There are 4 protein chains.
Amino acid sequence: MARFESLTLSELPGGIWRTRLPVRFGSCDPAGIVYTPEYLNLFNGVIEDWYGDALGLPYHELVGTRRTGLGYAHVSADFARPSSMGDVLDVAVIVRDIGRSSVKLTVHAFKDDAECVRATFVTVTTSLVDHKSIALPDDIRLALKNYQARCEASASPASTSLGYGPSSLPA
Amino acid sequence: MARFESLTLSELPGGIWRTRLPVRFGSCDPAGIVYTPEYLNLFNGVIEDWYGDALGLPYHELVGTRRTGLGYAHVSADFARPSSMGDVLDVAVIVRDIGRSSVKLTVHAFKDDAECVRATFVTVTTSLVDHKSIALPDDIRLALKNYQARCEASASPASTSLGYGPSSLPA
Amino acid sequence: MARFESLTLSELPGGIWRTRLPVRFGSCDPAGIVYTPEYLNLFNGVIEDWYGDALGLPYHELVGTRRTGLGYAHVSADFARPSSMGDVLDVAVIVRDIGRSSVKLTVHAFKDDAECVRATFVTVTTSLVDHKSIALPDDIRLALKNYQARCEASASPASTSLGYGPSSLPA
Amino acid sequence: MARFESLTLSELPGGIWRTRLPVRFGSCDPAGIVYTPEYLNLFNGVIEDWYGDALGLPYHELVGTRRTGLGYAHVSADFARPSSMGDVLDVAVIVRDIGRSSVKLTVHAFKDDAECVRATFVTVTTSLVDHKSIALPDDIRLALKNYQARCEASASPASTSLGYGPSSLPA
């Protein structure tokens, strides 16, 4: 049923950044599972942590101090299995594409070693003064490329075929 | 920049269900615009209202009383223009595809007559007792088909080419 | 068990502003009832609507254009009965106290004619430029006093004893 | 302006459970500070973690498996200073009162060593089958008393006067 081929945690390249995401009561709906829009909220928080921890660029400095907007032109998510209160998800971020003023990230959430949700976020860098798009600042571009290279370098033959690096990017 | 060709309100078929969505303070982020995951939350509320108002099937009866899950296998959204506190969006729902146990809806939000966000939700009907997928119940299927027919019947030549009805569905 | 004596809708003064609040799926938790913090979010939206509709001062102009912060120094809520998906609450706002730079409001939510939640919000007016408190702007003060007077004038003997007007304010 | 005397972190007893709470973009409002209702959501998550980490009673087992509701009869919060994106708060939980079917907790959030928010949560234990109140289960009562005792035992003279233990409880 899922629209993606679920990865296992071991298929992720060693250089990839990962975090643990506990599923709390307040994130769940009357069906007892994570409320769908809340996944996007949780993943947005994961991406924020990733900017600081993996790229060395604290999100609040980019958005707050530098007034560089990192809003989304596109978000999507596909769900293979629901998650419930008490689950702890492993979540990883992959850089898929770096454009002139946009970045495409995928977020991969794993439950018990199997990917249960995959989301895509396309960020467009804007000036928060006038909300117009701006070229991706050089330091962000460099940090993204370095992160891609770290993932690429440590990718196993299996994971390489799954396409983590720049060479596998769609046009 | 948008990944979709923005419609205008007048291009919507007359039989379509629409609602007004005020953008409140609590839906906005430090950039002063609607927080991206909050769009999905707001649209989920729109879809819920649509079940009751347009289909005659109150959502809380489906999910609460009948224990029919209407969870999502896929959600996505594309953003053409940001919305700010004080904006009032017009939001319409179109039925795109009716499968054995799934329904594909698109949600179209308009600001000042121009479409600013388009979202897609693919619902899979499940039993909330065991979270397994079930065939779309007959009364839901019938209500969806009737809604599609109403939209189709009232579609202008312009809007027909934009594809509201069953004949334009992807395989 | 409740910490307040539940009012009935008919005990509210005629001049009071009220709105209808449908309880949606996304506001409910795995216990099937409104998630407690979500009540505060919903009521914050009610207060926002009240500023525009009852006071004639659109909230987004105050906060957005004029950069007058309406943040809270205190919030509290007491719950007499839970609300579930599909309930439609009647919600009313009463002005309890108008200080130099603060306003105390109570929000009253009714389910089937009986008050089920009562919340208190103490707003402190600030400049959003430096987040320092400022005196309540004259037009806001006047609008609040006019609203109080409308509620007072139309209060029934029963509701007068419940204290809607300035004379019943705590020191 | 605050309605409470701010503690410093060093005034907390050694046996108290504490956690770190990063303030993320998605928790902040257009004023650039934590959206008030979101504090209650964040603190609800803190309390959930505290049940598992400090009491040894995972919240999802209580609510999910045992169907013991831990809903609130009362919540309140007082705000001394705002918090912004990028702040990391220290948050501690104190057990204030243990009743027949209710528990009163206070949550204390510190920014740069000074208490910036203090919240109170009164939980009423219910059966999630019929939403009726039930006596506090014995194992929860025991865990709460043990936690109180740990805080009491390690309280400094200064913090004792601030009242962490059972002897200082209101009637």
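Higher on the page you've got the structure.
Below is a short write-up of the structure. (Residues numbered from 1 in each chain as written. Chains lettered and ligands numbered in written order. Predicted model: local features only at pLDDT ≥ 70, side-chain atom pairs only at ≥ 80, totals over all residues. Heavy atoms only, no water.)

Things to note about the pattern of salt bridges
Applied cut-off: Each reported salt bridge corresponds to a side-chain nitrogen of Lys or Arg within 4 Å of a carboxyl oxygen of Asp or Glu. By definition, any uninterrupted DSSP run of H or I lasting at least four residues is a helix, any uninterrupted run of E lasting at least two residues is a strand, and each is numbered from the N terminus. Relative accessibility thresholds used throughout: buried, under 20% of the residue-type maximum; exposed, over 50%; partly exposed, between the two (1.4 Å probe, protein chains only).
Taken as a whole and assessed by the stated rule, the structure comprises 28 salt bridges over all chains. Between Asp87 of chain B and Lys111 of chain B there is a salt bridge, with the nearest N and O atoms lying 3.1 Å from each other. Placement of Asp87 of chain B in the loop between strand S2 (68–79) and strand S3 (88–98) and of Lys111 of chain B in strand S4 (residues 102–111) is noted, with a sequence separation of 24 residues between them. Assigned by exposure class, Asp87 of chain B and Lys111 of chain B land together as buried. For the salt bridge of Arg18 of chain D with Asp90 of chain D, the shortest nitrogen-to-oxygen distance reads 3.8 Å. One end of the pair, Arg18 of chain D, is in strand S1 (residues 18–22); the other, Asp90 of chain D, is in strand S3 (residues 88–98), with 72 residues separating them in the sequence. With relative accessibility at 41%, the residue Arg18 of chain D sits in the partly exposed group.

What about the packing of helix H1 (residues 36–53) of chain A against helix H1 (residues 36–53) of chain B?
Rules: Axes here mean lines fitted to C-alpha atoms, for a helix over just the part in contact, with angles spanning 0 to 180 degrees between N-to-C directions. Convention used here: angles under 35 degrees read as roughly parallel, angles over 145 as roughly antiparallel, angles from 65 to 115 as roughly perpendicular, and any remaining angle as oblique. Should any heavy atoms of two residues lie within 4.5 Å, those residues are considered in contact. Only Asp, Glu, Lys and Arg are considered charged, only Ala, Val, Leu, Ile, Met, Phe, Trp, Tyr, Cys and Pro nonpolar, and every remaining residue, Gly among them, polar.
The interhelical angle for the contact between H1 of chain A and H1 of chain B, taken along N-to-C directions, is 175°, at an axis separation of 8 Å. By the angle between their axes, H1 of chain A is roughly antiparallel relative to H1 of chain B. Along the contact surface, H1 of chain A presents Pro37, Leu40, Asn41 and Asn44 of chain A, while H1 of chain B presents Pro37, Leu40, Asn41 and Asn44 of chain B. Tallied by class, the residues present in the contact of H1 of chain A with H1 of chain B amount to four nonpolar, four polar and no charged.

Structural notes on the pairing of strand S5 (residues 114–127) of chain D
When a strand is regular, its side chains alternate between the sheet's two faces. Residues and elements named next belong to chain D. Stated formally: Strand pairing is defined by DSSP finding a minimum of two bridges between the two strands.
Judged by how many residues are buried, S5 sits mostly within the fold: twelve of 14 residues are covered. Bridge analysis of strand S2 (residues 68–79) against S5 gives eleven bridges, and the strand direction is antiparallel. Counted as the bridge partner of Gly69 is Thr126 from S5. Relative to S5, strand S4 (residues 102–111) runs antiparallel, the two sharing ten bridges. Within the sheet, the bridge partner assigned to Leu105 lies in S5 and is Phe121.

A word on unusual backbone geometry
Despite not being glycine, Asp112 of chain A has its phi angle at roughly 50°, a positive value. Here Asp112 of chain A lies in the loop between strand S4 (102–111) and strand S5 (114–127).

Quick notes on the relation of the copies chain A and chain C
Note the cut-off: Alignment of copies: least-squares fit on C-alpha atoms of residues with pLDDT of at least 70 in both copies.
With an axial shift of 0.0 Å and an RMSD of 0.0 Å, the rotation relating chain A to chain C amounts to 180°. Such a combination of turn and shift is consistent with a two-fold rotation axis. A share of 100% of interface residues in chain A that are also interface residues in chain C marks the association as one of identical surfaces.

Some details on the sheet that holds strand S3 (residues 88–98) of chain C
In sheet architecture, strand pairing relies on hydrogen bonds along the backbone and comes in two forms, parallel and antiparallel. The sheet built from ten strands is open, its strands ordered S1(C)-S3(C)-S4(C)-S5(C)-S2(C)-S2(D)-S5(D)-S4(D)-S3(D)-S1(D) with antiparallel pairing. Edge positions in the sheet fall to strand S1 (18–22) of chain C together with S1 of chain D, since each of these pairs with one other strand and no more. Shown here is a sheet whose adjacent strand axes are inclined to one another by a mean of 30°, direction ignored. Looking at chain direction, S3 of chain D and S4 of chain D are connected through eight bridges and run antiparallel.

A short note on the packing of aromatic side chains
Using the following cut-off: Under the pairing criterion, centres of Phe, Tyr and Trp rings, with the six-membered ring standing for Trp, must be within 6.5 Å; the plane angle then separates stacked pairs below 30 degrees from edge-to-face pairs above 60, leaving the rest tilted.
With the rule as written, the count across this model stands at 32 aromatic pairs over all chains. With centroids separated by 6.2 Å and ring planes inclined at 55°, the aromatic side chains of Phe25 of chain B and Tyr35 of chain D adopt a geometry described as tilted. Note that Phe25 of chain B is positioned in the loop between strand S1 (18–22) and H1 and Tyr35 of chain D in the loop between S1 and helix H1 (36–53), a pairing that runs across two chains. An identical accessibility class is assigned to Phe25 of chain B and Tyr35 of chain D; each is buried. Between Tyr59 of chain B and Phe25 of chain C, the ring centres sit 5.6 Å apart and the planes meet at 75°, which makes this aromatic pair edge-to-face. Taken together, the residues span two chains, with Tyr59 of chain B in helix H2 (residues 59–65) and Phe25 of chain C in the loop between S1 and helix H1 (36–53). Residue classification places Phe25 of chain C among the buried residues on the basis of a relative accessible area of 7%. Counting every residue linked through ring pairs, the aromatic cluster contains Phe25 of chain A, Tyr35 of chain C together with Trp50, Tyr51, Tyr59 and Tyr147 of chain D.

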